[in-house]
Amino acid sequence: EAQVTQNPRYLITVTGKKLTVTCSQNMNHEYMSWYRQDPGLGLRQIYYSMNVEVTDKGDVPEGYKVSRKEKRNFPLILESPSPNQTSLYFCASSLTPSGQETQYFGPGTRLLVL
Amino acid sequence: AQSVTQLGSHVSVSEGALVLLRCNYSSSVPPYLFWYVQYPNQGLQLLLKYTSAATLVKGINGFEAEFKKSETSFHLTKPSAHMSDAAEYFCAVSRGGQLTFGSGTQLTVLP
């Protein structure tokens, strides 16, 4: 089944404890992206990747890191999480970076930083 | 810069009534526009998209949207609401793969 998977789905952590949220897609997509969803704000893009070893900042990149060493994986790294990073995170992928491509979303990771 | 405005964070309709969710966009270039739906505890699913072909776009589950350049709008409609349509709906505009989302509209369907 074609899909985007994220792990973990739920995570509770404490301020300053490094964490990684994994994202994997099995559709051979070039483009991958991370979003955070907050009430009343919709989804905002954190980072995106046009292809392997090519990443760039989205609208809200502060406090996050990403890497794209393989085409299928795009982990999101929080080096020193803070409470304002408590949010619902979505990974997405599309076949190409073209604006008209449909982005396919993972099921989400709900993060609580205490 | 591009942006999306969704009028009405909450919309309630009766089962069988018309659904109208409003979306206005701002874009410096001809836009690609999307409507996504999010059911509780799930990711986003594409309903439909406009990619500069027909201005009336039909999507899944009986939804459609009309691109109106003069009004910079891309409103989502469905003639007859069903209980299963209760969800949050997001309008988005795309530039080079970067999606900019509106703040979302929560649709409630009343029996």
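Colleague: Would you take a moment to explain the packing of aromatic side chains for this structure?
Modeller: Centre distance and the angle of the planes are the two values used to describe a pair of aromatic rings. Per the counting criterion, the structure on display carries 14 aromatic pairs over all chains. Centroid distance Tyr50(B) to Phe74(B): 6.3 Å. Interplanar angle 50 degrees. Geometry classified as tilted. On the criterion of sequence distance, the pair formed by Tyr50(B) in strand S5 (residues 44–50) and Phe74(B) in strand S8 (residues 73–78) is long-range, its members being 24 residues apart. In this structure, Tyr50(B) and Phe74(B) share a single accessibility class: buried. One aromatic cluster is present, built from ring pairs that chain together Tyr35(A), Phe90(A), Phe105(A), Phe34(B), Tyr36(B), Phe90(B) and Phe101(B).

Colleague: Quick question: what am I supposed to make of the interface of chain A and chain B here?
Modeller: Many analyses report the size of an interface as the accessible area lost when the parts associate. On the side of chain B, 21 residues touch chain A, which itself brings 24 residues to the contact. Between chain A and chain B, roughly 1,700 Å² of surface is buried when both sides are summed, and carbon and sulfur atoms account for 48% of that area. In this structure, the connection of chain A to chain B is made through seven residue pairs in polar contact (both at pLDDT 80 or more). Looking at the side of chain A that touches chain B, the elements with two or more residues in it are strand S4 (31–38), strand S5 (42–51) and strand S9 (87–94) of chain A. The element best represented in the side of chain A that touches chain B is S5(A), accounting for four residues.

Colleague: What is the right way to read the sheet that holds strand S6 (residues 56–58) of chain B from this model?
Modeller: What holds strands together in a sheet is hydrogen bonding between their backbones, with the strands either parallel or antiparallel. Residues and elements named next belong to chain B. Strand order in the open sheet formed by five strands is S1-S3-S8-S7-S6, and the pairing between neighbours is antiparallel. Each having just a single partner strand, strand S1 (3–7) and S6 make up the two edges of the open sheet. Here the strands of the sheet are splayed against their neighbours by 20 degrees on average, with no regard to which way each runs. Pairing geometry for S1 and strand S3 (residues 19–26), over five bridges, is antiparallel. Residue pairing in the sheet places glutamine 6 in a bridge with cysteine 23 of S3.

Colleague: Looking at this model, I keep getting lost on the sheet that holds strand S7 (residues 65–66) of chain A. Mind explaining?
Modeller: All names here are of chain A. One open sheet accounts for four strands, arranged S1-S3-S8-S7; its pairing is antiparallel. The strands lining the two open edges of the sheet, one partner per strand, are strand S1 (4–7) and S7. Sheet topology places S1 next to strand S3 (residues 19–25); four bridges connect them, and they run antiparallel. Across the sheet, residue valine 4 finds its bridge partner in S3, namely glutamine 25.

Colleague: Help me understand the state of the cysteines, please; the structure alone is not making it clear to me.
Modeller: Residue and element names in this part refer to chain A. According to the stated counting rule, one finds two disulfides over all chains in the structure shown. One disulfide bridge connects cysteine 23 with cysteine 91, the sulfur atoms lying 1.8 Å from each other. Its S-S torsion of approximately -70 degrees makes the covalent link between cysteine 23 and cysteine 91 left-handed. Residue cysteine 23 is located in strand S3, and its partner cysteine 91 is located in strand S9; the two are separated by 68 residues in the primary sequence. The burial state of cysteine 23 is the same as that of cysteine 91; both residues are buried.

Calculation rules
- Residues numbered from 1 in each chain as written.
- Chains lettered and ligands numbered in written order.
- Predicted model: local features only at pLDDT ≥ 70, side-chain atom pairs only at ≥ 80, totals over all residues.
- Heavy atoms only, no water.
- Phe/Tyr/Trp six-rings, centres within 6.5 Å; stacked < 30°, edge-to-face > 60°.
- Helix = DSSP H or I, 4+ residues; strand = E, 2+ residues; numbered from the N terminus.
- Buried < 20%, exposed > 50% of the residue type's maximum accessible area, 1.4 Å probe, protein only.
- Contact = heavy atoms within 4.5 Å.
- Buried area = accessible area lost by both parts, 1.4 Å probe.
- Polar contact = N/O pair within 3.5 Å; in protein donor to acceptor, adjacent residues only side chain to side chain.
- Pairing = 2+ DSSP bridges.
- Axes fitted to C-alpha atoms, helices over the stretch in contact; angles between N-to-C directions.
- Disulfide = S-S within 2.5 Å.

Without other data, these values stay purely geometric and don't point to any function.
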